[in-house]
Amino acid sequence: MVPSGKVAHEMILDCRSFKKGSSVEVEDIAKRLMDYGFHAPTVSFPVAGTLMVEPTESESLKELDRFAEAMIKIRNEIQEIEDNIYTFDDNVLKNAPHTAYPSYKR
């Protein structure tokens, strides 16, 4: 809460710096969040290259923690690209979202 007592219902996550070091775009992160079971957030609005996340009072602390953990994992995946473990064009973010393995092939 800010000194005025007002609380925002959304936050902007700036993802622009990832493009230079890993070629990861904000859309790649949004699609990767789907692999973690989250609906892709608003991208590039109101600021290009950002994610607008709107957690509401209906989200439990457990769900907010799950989202934070997913974002930390995604940041680690970006670091693996920056560290040249994976290439700029063939990695879990550029290939997201991933489809489930068809049950008929099991």
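My aim in this report is to walk through the structure given alongside it, one point at a time. Predicted model, so just to flag it, every value in this text is computed and none were measured. (Residues numbered from 1 in each chain as written. Predicted model: local features only at pLDDT ≥ 70, side-chain atom pairs only at ≥ 80, totals over all residues. Heavy atoms only, no water.)

1. Structural notes on the sheet that holds strand β1 (residues 11–14)
Piece 1. Spatially, three strands are ordered β1-β3-β2 in an open sheet, and the strand pairing comes out antiparallel. Among the strands making up the open sheet, the edge pair consists of β1 and β2 (42–43).
Piece 2. When β1 meets strand β3 (residues 50–53), the two strands line up antiparallel, connected through four bridges. Across the sheet, residue Ile-12 finds its bridge partner in β3, namely Met-52.
Piece 3. Where helix α2 (residues 26–35) meets the sheet, its contacts fall on β2 and β3, and the angle it forms with β3 comes to roughly 40°. (Pairing = 2+ DSSP bridges. Helix = DSSP H or I, 4+ residues; strand = E, 2+ residues; numbered from the N terminus. Contact = heavy atoms within 4.5 Å. Axes fitted to C-alpha atoms, helices over the stretch in contact; angles between N-to-C directions.)

2. Some points on the packing of α2 against helix α3 (residues 61–82)
Piece 1. Where α2 meets α3, the axes come as close as 10 Å, and the angle between the chain directions of the two elements is 125°. Taken together, the axis directions place α2 and α3 in an arrangement best described as oblique. Judged by the sense of rotation from one axis to the other, the crossing of α2 with α3 is right-handed. Judged by residue contacts, Ile-29, Arg-32 and Leu-33 of α2 engage Phe-67, Ala-70, Met-71, Ile-74, Glu-77 and Ile-78 from α3. (Parallel < 35°, antiparallel > 145°, perpendicular 65-115°, else oblique. Left-handed = near helix turned anticlockwise from the far one by under 90°.)

3. Observations concerning unusual backbone geometry
Piece 1. With an omega of 5°, the peptide bond between Phe-45 and Pro-46 qualifies as cis.
Piece 2. You can see Pro-46 is positioned in the loop between β2 and β3.
Piece 3. Positive phi is not limited to glycine here, since Ser-44 has a value of about 55°.
Piece 4. Counting through the fold element by element, Ser-44 comes out in the loop between β2 and β3.
Piece 5. On the basis of relative accessibility, which here comes to 30%, the residue Ser-44 falls in the partly exposed class.
Piece 6. Despite not being glycine, Asn-84 shows a phi value in the positive range, around 65°.
Piece 7. One can find Asn-84 in the segment after α3. (Buried < 20%, exposed > 50% of the residue type's maximum accessible area, 1.4 Å probe, protein only.)

4. Focus: the pattern of salt bridges
Piece 1. Tallying each qualifying case throughout the model produces seven salt bridges.
Piece 2. Across the pair Glu-77 and Arg-32 runs a salt bridge whose closest N-O atoms are separated by 2.7 Å. With a gap of 45 residues between them, Glu-77 in helix α3 and Arg-32 in helix α2 connect regions that are remote in the sequence. Per residue, the accessibility class of Glu-77 equals that of Arg-32, and both read buried.
Piece 3. Linking Arg-75 and Glu-82 is a salt bridge whose minimum nitrogen-to-oxygen distance equals 3.3 Å.
Piece 4. According to the relative accessible area criterion, Glu-82 is partly exposed, its value standing at 25%.
Piece 5. Within the structure, one salt-bridge network assembled from shared partners comprises Arg-32, Asp-35 and Glu-77. (Salt bridge = Lys/Arg side-chain N within 4 Å of Asp/Glu carboxyl O.)

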